[in-house]
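Now for the letters of each chain:
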Amino acid sequence: MDTIGRVINLATERNLSLFRLSQICDVPYSTLKNAEKRGSQLAVATIEKICDSLDISMSDFFKE
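Residues numbered from 1 in each chain as written. Predicted model: local features only at pLDDT ≥ 70, side-chain atom pairs only at ≥ 80, totals over all residues. Heavy atoms only, no water.

**A look at the packing of helix α2 (residues 18-25) against helix α3 (residues 29-38)**
The N-to-C vectors of α2 and α3 enclose an angle of 135°; their axes lie 8 Å apart at closest approach. Compared by their axis directions, α2 and α3 come out oblique. Note that α2 runs across α3; the crossing there is right-handed. Only Tyr29, Leu32 and Glu36 of α3 make contact with α2, whose side of the interface consists of Leu18, Phe19, Leu21 and Ser22. For the contact of α2 with α3, the residue count by class is 5 nonpolar, 1 polar and 1 charged. (Axes fitted to C-alpha atoms, helices over the stretch in contact; angles between N-to-C directions. Helix = DSSP H or I, 4+ residues; strand = E, 2+ residues; numbered from the N terminus. Parallel < 35°, antiparallel > 145°, perpendicular 65-115°, else oblique. Left-handed = near helix turned anticlockwise from the far one by under 90°. Contact = heavy atoms within 4.5 Å. Nonpolar A, V, L, I, M, F, W, Y, C, P; charged D, E, K, R; others polar.)

Shown next as structure tokens:
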């Protein structure tokens, strides 16, 4: 699964920029932006922070 793509979709659904999402989730913006540029995956701990901040479960995050 493309985790950064999923994060971008979730942010877009909530009308949030990646920068604003990083502030809400207390995740460095550079972490999200670098993952987007490189096409890399996010760490589980980062995904957990994002899920907690967006009030979704990990299983909802990984549903396709």
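There is more to say, and it comes next.
**Comments concerning the state of the cysteines**
Summed over all chains, the structure comprises 0 disulfides. Considering cysteine sulfurs only, Cys51 is the nearest to Cys25, which forms no disulfide, with 8.8 Å between them. Overall, Cys51 belongs to the buried group, its relative accessible area being 1%. (Disulfide = S-S within 2.5 Å. Buried < 20%, exposed > 50% of the residue type's maximum accessible area, 1.4 Å probe, protein only.)

**Some words on the pattern of salt bridges**
This model, assessed by the stated rule, comprises 3 salt bridges. Between Lys33 and Glu36 there is a salt bridge, and its shortest N-O distance comes to 2.8 Å. In this pair, Lys33 and Glu36 both sit in helix α3, 3 residues apart, roughly one turn of the helix. For Glu36, a relative accessible area of 32% corresponds to the partly exposed category. (Salt bridge = Lys/Arg side-chain N within 4 Å of Asp/Glu carboxyl O.)

**Here we look at the packing of aromatic side chains**
Evaluation of the coordinates by the stated rule reveals 2 aromatic pairs. Note on Phe19 and Tyr29: the rings are 5.5 Å apart at their centroids and 75° apart in plane angle, and the pair reads as edge-to-face. Of the two residues, Phe19 sits in helix α2 while Tyr29 sits in helix α3, which places them 10 residues apart along the sequence. Given a relative accessible area of 32%, Tyr29 falls into the partly exposed group. (Phe/Tyr/Trp six-rings, centres within 6.5 Å; stacked < 30°, edge-to-face > 60°.)

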